[in-house]
Structure formats: C-alpha cells, structure tokens
Amino acid sequence: MTLPFADYAKAFIKPTFDPFNFRPVGHIYFTLMGRAFGLDFPPYITPLVTLHLLNSLLLYLLLRRLAIDQWRALAGVAFFTLSATALDAYWKPMYVFDLTCATFCLASMLLYAHRRWILSFIAFWCAYKAKELAVMLPAVLVAYEYWFGERRFARLIPFLAVSLSFGLQGIFLNPNKDNEYTFRFTFAALGKTIPFYAKRFLFIPFSGLALLPLALIRDRRIRFGLTATVCFLFTLLFLPGRLFEAYAYLPLACAAIAMAATASRVKPVWCGAFLVIWMPWNVRHLLHEQKLQLALDDENYAFFDQLESWVKKNPEVRTFIYRTGPRGYHDWGINAAWNLAHHSQGLRA
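What you see is a predicted model, and the numbers here were worked out from it, not measured in a lab.

## Observations concerning the overall build of the protein chain
Okay, step 1: Each helix and strand counted, the protein chain has 13 helices and zero strands in total.
Okay, step 2: Over its C-alpha atoms, taken along the principal directions, the protein chain stretches across nearly 70 × 45 × 40 Å.
Okay, step 3: Buried positions account for 47% of the 349 residues belonging to the protein chain.
Okay, step 4: The long-range share in the protein chain, meaning contacts at least 24 apart out of those at least 6 apart in sequence, stands at 74%.
Okay, step 5: Element-wise, carbon and sulfur atoms account for 68% of the exposed surface of the protein chain, whose accessible area totals about 18200 Å².
Okay, step 6: One way to put it: in the protein chain the 35 positive side-chain charges average out to a point 10 Å from where the 21 negative ones average out.

Right, here's the structure in full:
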C-alpha cells in the first residue's frame, strides 16, 4: 500500500517479465482501496461486483456483434452472470486480477471486432498486465480473424510478437522451479486439471467436456467460442498446483459465447427451459459452497483477530514462528497477516 504510483506506471509499460509477479492493473486496486478503507472488507466488494457487471455487458455486446439475437444473447449473459462456477472471482478481492484480465480481454475482442486495432492492442496489453492468462488472447484474435475477418493476419503481428515474448520469458525466467506455480507439461497434470475445470461447468463430473461435440455443428460462432474457451484454459491445464474456481471465470465467459450461438439454432422455448432447469441446480451448489466458504472465513477471522490482539500486547516481537494455520490460509497469507497486524512490511513469519 506504500508504493508510489510511478512504480505502477513503470511496471505497466515495461515489456519484460516480472519475476515477482507484480501485476500493476490489479495491484493498484489494493493500493487505492487500502488507502481509502484499510482492512474494512465490505467496500472492497463494490468494485468487484461492478467489474463483473461490466464484463457481462461486454459479453453481451460481443454476442450481438457475432450476430446472435437479443434474447439468446441475454440468455448466454444470464448463464455467465449468475453462474456459481466462478463465484469467488467477484466477491474475493484476491481475484481482482482475474476480473480485470477478463474485462480487458473481452474489451480487446470487442474492439478488434469493430476494427479498432490500436485500442484492441492497448486493451490486450492491459489484460496481460492484469494477469498472465491474457498471453493466449492473440490466439483467440487469430481465430476471430479467420472466421469473421478478412484473413489479414498481418495486423495481428504486434499481438503475436508481444504474446510470444512474454510467453517465452514466462517459461525461461520463471523463478518458480519446483512449487505450485511451476508448469507441469505432463499427462499427470492433465489428469488433475481437466477433471477439476470440466466439473466446474455444471457441477457434474466432466460436464465441461460436453461442450466439445458442439464443434461438429457448422457454425463459426460456436467454434469461435469453443476455441476461445480452450485457449484461455490452456495454460491453466498445466498448473496442477493452482486449482481455483475463480480461474474458470474468463473461460466461462467464452463458453457462454458457444452456448448462446448454439441456442440461436433452436427455438427460444428451449433456451428458457434450460435456464429454468439450470437455475435451481445452480443455486443449490451456490448455497453449498457458501456454507463451506463461510466456515473457512470464520476460521480465518478468528485466527487474524487473535493474532492482532496478541501483537497489540507484544509489539516488540517481530518474528512469528508457527506450525500450521487456518485451512484457507497459505504461507504467504500468514506472512501478510503478521505484517498487517504490525502495520508494517518485511517482517518474517
């Protein structure tokens, strides 16, 4: 919360991979919110929900640009907006990176569809500076150019060059050599990641794979949506140590494109029937996950509350040694809690 804004500007414009995982677009949110609200949690939620609604609007505009009629487009947006699949993304501040990445990816796709090449490139750069998942966006734009453009792929050279540069830097300069952030290009990794993300689609094992046969339908809009979904899932499939529901947020938006395009080929009543059947199932899983999450949050609150009270009584103790923590805390979370309790930085836990 103490970094000057000049540091964010430098991190935003530099074309090199950041080994410290500093993402200026998302981290500036924490700086602004921290300065304004400290550790008061509720105000942090408003920007997240606003971003989620903005993403829903961008998705709707993109669907309309793809010549999907209003009601099918609204049905696709409803599936994306109300789904419990990636609920964590728009109520946990830690996932602001996924939200902002999705915002700029959708904006880049929409701008590209309107032939605003420079603005699309700027949005792509912002998306990458929000989260590295955006490195696959140029592949999505190649698919758009192939199916909906004039197949003038030369205009995509700047996108592809940046993607290749950051991609290679991420592979060869990644300081995480043997931990949960390490890429695992193995079948064992796919054996963990594919079932996890495929189940998140409808909360039924491998339900996400049911989308793949839609590629057999001769509809370029469906194929574009599926291609975008696979592209944004690609890097996640080789990170078996980082399995989080919120990571499915952007792929879910792209899956909604394929679903809305499919819905445009059937009668509206079938779209309504699907939503009527899906919503109670969706709410059921929403309530189930809510119960589990609130139990974890109670543990987290109790841990931090006790830690903060202890620090107030023993401010001279600067190193914290622990055996374990709440189930929802990682090592970096405990370290952050120790520093927050001291209103300081650089202390060791």
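Don't stop here, the text continues.
## What about the packing of aromatic side chains?
Okay, step 1: If you walk through the whole model with that rule in mind, you get 32 aromatic pairs.
Okay, step 2: Relative to tryptophan 125, the ring of phenylalanine 121 lies with its centre 6.4 Å away and its plane at 40°, an arrangement referred to as tilted. Of this pair, phenylalanine 121 and tryptophan 125 both sit in helix 6 (residues 117-130), four residues apart, roughly one helical turn.
Okay, step 3: Relative accessible area serves as the criterion here: at 16%, tryptophan 125 is assigned to the buried category.
Okay, step 4: Each member of the aromatic cluster is reached from another via a ring pair, and the members are Tyr112, Trp117, Phe121, Phe124, Trp125, Tyr128, Tyr144, Phe148, Phe159, Phe166 and Phe224.
Okay, step 5: The cationic tip of arginine 23 hangs over the ring face of phenylalanine 97; the distance from NZ or CZ to the ring centre is 5.3 Å.
Okay, step 6: Taking the ring centre of tyrosine 146 as reference, the NZ or CZ of arginine 151 above it sits at 4.0 Å.

## Some words on empty space enclosed by the protein
Okay, step 1: Tallying each qualifying case throughout the model produces one cavity of 30 Å³ or more.
Okay, step 2: Looking at the largest cavity, it is lined by 13 residues, and the ones nearest its centre are Asp18, Phe22, Tyr128, Lys129 and Glu132.

## Details of the pattern of salt bridges
Okay, step 1: Following the criterion strictly, the structure yields 14 salt bridges and no others.
Okay, step 2: Arginine 155 is paired through a salt bridge with glutamate 145; the nearest N and O atoms lie 3.1 Å apart. On the criterion of sequence distance, the pair formed by arginine 155 in the loop between helix 7 (137-148) and helix 8 (157-172) and glutamate 145 in helix 7 is long-range, its members being 10 residues apart.
Okay, step 3: Residue arginine 242 pairs with glutamate 180 through a salt bridge whose shortest N-O separation is 3.1 Å. Separated by 62 residues along the polypeptide, arginine 242 in the loop between helix 10 (220-234) and helix 11 (249-263) and glutamate 180 in the loop between helix 8 and helix 9 (187-200) bring together distant segments of the chain.
Okay, step 4: Residue class for glutamate 180 comes out partly exposed when judged on its relative accessible area of 27%.

## Some words on a nonpolar patch on the surface
Okay, step 1: Residues Leu164, Leu168, Ile171, Phe172 and Leu173 make up a contiguous nonpolar surface patch of about 520 Å² in total accessible area.
Okay, step 2: Position of leucine 168 among the secondary structure elements: in helix 8.

## Observations concerning the side chain of asparagine 282
Okay, step 1: Summarising the element assignment, asparagine 282 is placed in helix 12 (residues 268-313).
Okay, step 2: Residue asparagine 282 is classed as buried on the basis of its relative accessible area of 1%.
Okay, step 3: Within the local environment of asparagine 282, its side chain forms a polar contact with the backbone oxygen of leucine 82, the two atoms lying 2.9 Å apart.
Okay, step 4: With sequence-adjacent residues up to four places away left out, asparagine 282 is seen in contact with Leu82, Ser83, Ala84 and Phe203.

## A look at the packing of helix 3 (residues 42-65) against helix 11
A packed helix pair is summarised by two numbers, namely the angle formed by the two axes and the spacing between the axes.
Okay, step 1: Taken N-terminus to C-terminus, the directions of helix 3 and helix 11 make an angle of 30°; their axes are 11 Å apart at the nearest point. Judged by the sense of rotation from one axis to the other, the crossing of helix 3 with helix 11 is right-handed. Here His52, Asn55, Leu59, Leu62 and Leu63 of helix 3 lie close against helix 11, whose contacting residues are Tyr249, Ala253, Ala256, Ile257 and Ala260.

## Some words on the packing of helix 3 against helix 4 (residues 70-82)
Okay, step 1: Remark: helix 3 packs on helix 4, axes separated minimally by 9 Å, with the N-to-C direction vectors making an angle of 150°. With respect to helix 4, the element helix 3 is oriented roughly antiparallel. The way helix 3 lies across helix 4 gives a crossing that is right-handed. Contacts from His52, Leu53, Asn55, Ser56, Leu59, Tyr60, Leu63 and Arg64 in helix 3 reach Gln70, Ala73, Leu74, Val77, Phe80 and Thr81 in helix 4.
Okay, step 2: Looking at the contact of helix 3 with helix 4 residue by residue, the class counts come to eight nonpolar, five polar and one charged.

## So, the state of the cysteines
Okay, step 1: One pass over the full model with this rule turns up zero disulfides.
Okay, step 2: There is no disulfide at cysteine 254, and the cysteine sulfur nearest it, in cysteine 105, is 8.0 Å away.
Okay, step 3: For cysteine 254, a relative accessible area of 0% puts it in the buried group.
Okay, step 4: Its sulfur unpaired, cysteine 271 is 19 Å from the next cysteine sulfur, which belongs to cysteine 254.
Okay, step 5: Cysteine 271 sits in the buried class, given a relative accessible area of 13%.

## Considering the environment of glycine 38
Okay, step 1: Along the chain, the position of glycine 38 falls in the loop between helix 2 (24-37) and helix 3.
Okay, step 2: Exposure remark for glycine 38: the relative accessible area of 26% places this residue in the partly exposed category.
Okay, step 3: A C-alpha to C-alpha distance of 9.9 Å links glycine 38 and leucine 340, two positions 302 residues apart in sequence.
Okay, step 4: Aside from chain neighbours lying at most four places away, what touches glycine 38 is Met33 and Tyr44.

Reading guide: rules and limits
Residues numbered from 1 in each chain as written. Predicted model: local features only at pLDDT ≥ 70, side-chain atom pairs only at ≥ 80, totals over all residues. Heavy atoms only, no water. Helix = DSSP H or I, 4+ residues; strand = E, 2+ residues; numbered from the N terminus. Buried < 20%, exposed > 50% of the residue type's maximum accessible area, 1.4 Å probe, protein only. Contact = heavy atoms within 4.5 Å. Areas by Shrake-Rupley, 256 points an atom, 1.4 Å probe, with all protein chains shown as cover. Lys, Arg positive; Asp, Glu negative; His and termini not counted. Charge placed at Lys NZ, Arg CZ, Asp CG, Glu CD. Phe/Tyr/Trp six-rings, centres within 6.5 Å; stacked < 30°, edge-to-face > 60°. Lys NZ or Arg CZ within 6 Å of the ring centre and 35° of its normal. 1 Å grid on protein atoms, 1.4 Å probe; cavity = no way out; pocket = protein on both sides within 12 Å on 5 of 7 lines; lining within 4 Å. Points joined across faces, edges and corners; volume = space filled by probe spheres on them. Salt bridge = Lys/Arg side-chain N within 4 Å of Asp/Glu carboxyl O. Patch = residues over 30% accessible without salt bridge, like charges linked within 9 Å, V, L, I, M, F, W, Y side chains within 5 Å. Polar contact = N/O pair within 3.5 Å; in protein donor to acceptor, adjacent residues only side chain to side chain. Axes fitted to C-alpha atoms, helices over the stretch in contact; angles between N-to-C directions. Left-handed = near helix turned anticlockwise from the far one by under 90°. Parallel < 35°, antiparallel > 145°, perpendicular 65-115°, else oblique. Nonpolar A, V, L, I, M, F, W, Y, C, P; charged D, E, K, R; others polar. Disulfide = S-S within 2.5 Å.

These values are about where atoms sit, not about what they do.
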